[in-house]
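What follows is the residue order along each chain.
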Amino acid sequence: MTTTLQPRRVLEATTPAPAPRSTRKKDKARGSETRSLVSPLSLQSPRGKLIYWTVLVVVVIAFTLAFVFPLYWMVTGALKSPDELAQIPPSFFPTSLDFGVYADAWNQLQLGVFLKNTALYAGGAWLFTLAIDVTAAYALSKLRPYFGKLILALMLATLMIPPMVLLLPTYLVAKDVPIFGFDLLNTPWAIWLPAAANGFFIFLLKRFFDSIPRELLEAAEIDGASPMRILWSIVLPVSRPILGVVSILSVVTVWKDFVWPLLVLPETDKMSISVGIASLSAQMPQNVLIASLVIASLPTILVFFVFQRSIMAGLTAGSLKG
């Protein structure tokens, strides 16, 4: 009996005790931190630091050039003469700087009229987008109506349909609105109403509204506030980041749209900036046309540079709750 228990006692004495659970978690986390394609020890060496910073600088410069070079080519192309634009190989720098081509583009292409029309269309679409999409997202997020999840799923399903497939039915609806029989062609309503209901914007707004603590709304309900009062006084003030994102995206979408304004706004004095430039492009020199494109793109570029921090903050604001 003694000889049978002795090996077991020796084995138990030599076997190390299992580490506590907290220690195992720390070791596992430490192992996951150091596990990578290149070890931290290699990156701390002089050769590793040189390779790391070289690759980082090359990648950043390459992506910067890929995005900035088209803008540079457009701006410098407007300053070149038509003969210089047609030469092969093309010149990287214009031989002479003639900024009068921008004035010619403004006068010959009637850019003032087109910009005013586009600003009207974009501003109206922005107001209708906020009025419809904000209330729809608020109802789906906080009021939670019957079949709310089904309605949201149907809205998101519309994003799977190619836009070109919807052009013909949307045009027929704009030409003869069901029940009312209105003809919206050659009116701003043909731009405002289709741009107002956007499933993507409703999804963004709903995700942000879901992150708003329910306790705030319940406290307002106890004080006797109505759902619209809660939306106006509580939800909207704390939703400025996502409202800024939706506003910028809606304005830029209408500003750069081409196919839909081409269909519903055929009259010259009601065309948007993109359609107006395309309709008169055949009669203009190449450098004047490029100058008009520069002027047409300036508002959206300025909007992005001014509000880029709000765009990034709004897109990530509703990703985490709390």
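What counts, and at which threshold
- Residues numbered from 1 in each chain as written.
- Predicted model: local features only at pLDDT ≥ 70, side-chain atom pairs only at ≥ 80, totals over all residues.
- Heavy atoms only, no water.
- Phe/Tyr/Trp six-rings, centres within 6.5 Å; stacked < 30°, edge-to-face > 60°.
- Buried < 20%, exposed > 50% of the residue type's maximum accessible area, 1.4 Å probe, protein only.
- Helix = DSSP H or I, 4+ residues; strand = E, 2+ residues; numbered from the N terminus.
- Contact = heavy atoms within 4.5 Å.
- Axes fitted to C-alpha atoms, helices over the stretch in contact; angles between N-to-C directions.
- Parallel < 35°, antiparallel > 145°, perpendicular 65-115°, else oblique.
- Left-handed = near helix turned anticlockwise from the far one by under 90°.
- Nonpolar A, V, L, I, M, F, W, Y, C, P; charged D, E, K, R; others polar.

Okay, the packing of aromatic side chains next. How two aromatic rings sit relative to each other is given by the distance of their centres and the angle of their planes. A complete count under the given rule lists 12 aromatic pairs for this structure. For the pair Phe92 and Phe93, a centre-to-centre distance of 4.9 Å together with 80° between the ring planes defines the contact as edge-to-face. The exposure class assigned to Phe93 is exposed, which follows from its relative accessible area of 58%. Between Phe128 and Trp189, the ring centres sit 5.4 Å apart and the planes meet at 65°, which makes this aromatic pair edge-to-face. Linking Phe128 in helix α7 (residues 111-143) with Trp189 in helix α10 (residues 189-196), this pair joins segments that are 61 residues apart in sequence. A relative accessible area of 38% places Trp189 in the partly exposed class. Here the aromatic cluster, defined as three or more aromatic residues joined through ring pairs, consists of Phe69, Tyr72, Trp73, Phe92 and Phe93.

Further remarks concern the side chain of Ser250. In this fold, Ser250 is placed in helix α14 (residues 240-256). For Ser250, the contacting residues outside a window of four places in its chain are Trp126, Thr129 and Phe201.

Across the interface, α7 lies against helix α11 (residues 199-210) with an axial gap of 8 Å and an inter-helix angle of 45°. Taken together, the axes of α7 and α11 are oblique relative to one another. The handedness of the crossing between α7 and α11 comes out as right-handed. Each of Thr129, Asp133, Val134, Ala136, Ala137, Tyr138, Leu140, Ser141 and Lys142 in α7 lies in contact with α11, whose residues at this interface are Phe201, Ile202, Leu205, Lys206, Phe209 and Asp210. Taken together, the residues that form the contact of α7 with α11 break down as 9 nonpolar, 2 polar and 4 charged.

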